[in-house]
Structures are given as structure tokens and as C-alpha cells.
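Results of the structural survey
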Amino acid sequence: MNHTKSRNAKNVIRGAIMFVILLMNHACLAQKEAPSWLNTGYVPLENSYIKVFCGGFAYTETQAKELSTIEIVKDRDMYTGGSYQWANGCIVEKESGRIVVKANILDEYTEKQPQGGYKVYLLVQTATHPDNALDNVYVGDKYPFSARVFVPGMAQIYKGSTGKGAAFITGEVLFVGGIATTQLLCNYYTKKMPDASYDMGKYYEKMARICQISQYACIGGAVALYLWNIIDGAFAKGRPYVSVDGKMLTFSPYVSSNSTGIAFNLRF
């Protein structure tokens, strides 16, 4: 019974430490998060609109981007029936070179396919009229400071790093569980000492001391992980997001009685 409880305490501590090691490995090897704008449909602004274009699969990243660029021109062709091409951030007529409309590739995301090859997604802002100035749209991955950093994992989840946020939450739960478990075991062995024989009393004293040291280790681990959570939550980059005139544009699925799709709103 005593040995089982001791092993349980050691397993909790060992599990917490191993999880922190895995968390560090995850943080170092994490791949680029898919941007929040990836499933954006048509988003109208005052003088322009935002839309995502993807030309489909290609064997090289360069070819995939060219296919997506062609889709930008096709989008304008569909409305005007003209013959256009992409040149220097503008859609121009193929023959005359006259600018039909101004456009801007705000961001791009490359998706490597499991079977090999690539897809490139382009987030494009296009003026609704050749004379229109493009609205003030910014794409970034740095987030302003938020009080979420003081709650383990919340800032990471807010930034789109759900796996990292879950890892911070689980790590803290494991360390807090280790603190509680080692405290209970320490109390158990301490209570057993007065009524035990000399040899068993020494054994209980040793086990209580081990549990106390283990508890200190769990407390230190919980504090270190919490501080890491604050630093990471405050300074780590997140999923790329879109802002219009300094206000974050968020995208979320919507369902109504007539249709489904992507709703967007400005976050103040």
C-alpha cells in the first residue's frame, strides 16, 4: 500500500516533467499556423473588397502561386468579359496594358499536400473602381497585450495556437495535481510515524521527506510553467489576422434559416 502510494506520487511528478519536455519540443517544432482568413469569402469594404483565391494543386510552390494569380484575373474577367492579366499589383488589359483595377496581395499561405505538391492561397484586396484608393487593410501576426496572458493557455488559444494553449493548461493541471497528491501523501506518512516501530518510523519519515521535496519540485514547475505561459502569451506570434482601419476583422461560420456561410465582423 505504502509503496503503491509512493509510486503514484513519483508517476505524477514524472508525468508532469515529461509533459513539460514535450511542450518545449512542440513549441520548438510547431509549424506555421494556418491563417484565420483562409476560409474567407467575399468581404466588401468601402472602396474595395477582400477575397481569397486558390488555383488548386501544382507540383511546385511557384506554379501553385501562378495558378492562384490567374484566378484573381479570372474573377475580374467574370464581371467584365475582358481579357486581362496580373502585372505589378494591378489587373491590366492584355493588349494595351491599361490598368483596369488596383489590387494588392495582402498575404499568402502555402499548403503542402500529403500526396506531394502544393496549394497556394492568396488573400487579395481589390478596388471596386480603377480610381478608388484601397482601404487601409493590414495583415499581421502580432497581437496587442491582453489580460488573457494571466490565465494559462488562454492567450495562446486566442491567437489560434490551440494545441499550445491546451498544453499549457494540461501542464498546469498536472503540476497542481502533483502538489495536491504529494501533500496528501506527506500528511499520510507523517500521521503514521507516531504509532510505528522504529524501523517503520524511519521509513515513514524518509517517505514524508521525499514527498515534501517532490511537492517543492511540483511548485517550482508550476511557477516556471506559469511564467513561461505569461511570456509566451504576451510576445509569441499568432495566426495571421486581418484588420481594417486598426480594427480586427474576424471570421466565423454562420447558420440562418436561408443559408450558411462565413460571417465577418470588426473586433474593437
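Before any of the text, the structure's been laid out above.
All figures in this text were calculated on a predicted structure; none of them were measured in a lab. (Residues numbered from 1 in each chain as written. Predicted model: local features only at pLDDT ≥ 70, side-chain atom pairs only at ≥ 80, totals over all residues. Heavy atoms only, no water.)

Moving on to the packing of helix α4 (residues 162-192) against helix α5 (residues 198-235). Between α4 and α5, the shortest axis-to-axis distance is 8 Å and the interhelical angle comes to 160 degrees. Between α4 and α5, the interaxial angle falls into the category roughly antiparallel. In the packing of α4 onto α5, the handedness of the crossing is left-handed. Its residues assigned to classes, the contact of α4 with α5 comprises 16 nonpolar, 10 polar and 4 charged. (Axes fitted to C-alpha atoms, helices over the stretch in contact; angles between N-to-C directions. Helix = DSSP H or I, 4+ residues; strand = E, 2+ residues; numbered from the N terminus. Parallel < 35°, antiparallel > 145°, perpendicular 65-115°, else oblique. Left-handed = near helix turned anticlockwise from the far one by under 90°. Nonpolar A, V, L, I, M, F, W, Y, C, P; charged D, E, K, R; others polar.)

Applying the stated criterion across every chain, the model contains 10 aromatic pairs. Centroid distance Y42 to Y49: 5.0 Å. Interplanar angle 35 degrees. Geometry classified as tilted. Relative accessible area serves as the criterion here: at 6%, Y49 is assigned to the buried category. Note that R148 overlies the ring of Y158, its terminal NZ or CZ placed 3.8 Å from the centroid. (Phe/Tyr/Trp six-rings, centres within 6.5 Å; stacked < 30°, edge-to-face > 60°. Buried < 20%, exposed > 50% of the residue type's maximum accessible area, 1.4 Å probe, protein only. Lys NZ or Arg CZ within 6 Å of the ring centre and 35° of its normal.)

On to the pairing of strand β2 (residues 48-54), then. In terms of burial, β2 is a largely internal element, 5 of the 7 residues being buried. With 2 bridges joining them, strand β1 (residues 43-44) and β2 adopt antiparallel strand pairing. The partner of P44 across the bridge, within β2, is Y49. In textbook terms, the turn of a hairpin is the stretch between consecutive antiparallel strands, and for β1 and β2 this stretch comprises 3 residues. Here 7 bridges tie β2 to strand β6 (residues 118-127), and the two strands are oriented antiparallel to one another. Note that in β6 the partner of S48 across the bridge is A127. (Pairing = 2+ DSSP bridges.)

Moving on, we come to the pattern of salt bridges. All chains considered together, the criterion is met by 2 salt bridges. Here K65 ties to E108 by a salt bridge, and the two come within 2.8 Å at their closest N and O atoms. A residue pair is termed long-range when its members are at least 10 positions apart, and K65 in helix α2 (residues 61-80) and E108 in strand β5 (residues 99-112) qualify at 43 residues. For K65, a relative accessible area of 31% puts it in the partly exposed group. Given a relative accessible area of 27%, E108 falls into the partly exposed group. D232 is the partner of K164 in a salt bridge, and the nearest nitrogen-oxygen pair spans 3.2 Å. Pair noted here: K164 is in helix α4 and D232 is in helix α5, with a separation of 68 residues, a long-range link. Comparing K164 with D232, the two get one shared label, buried. (Salt bridge = Lys/Arg side-chain N within 4 Å of Asp/Glu carboxyl O.)

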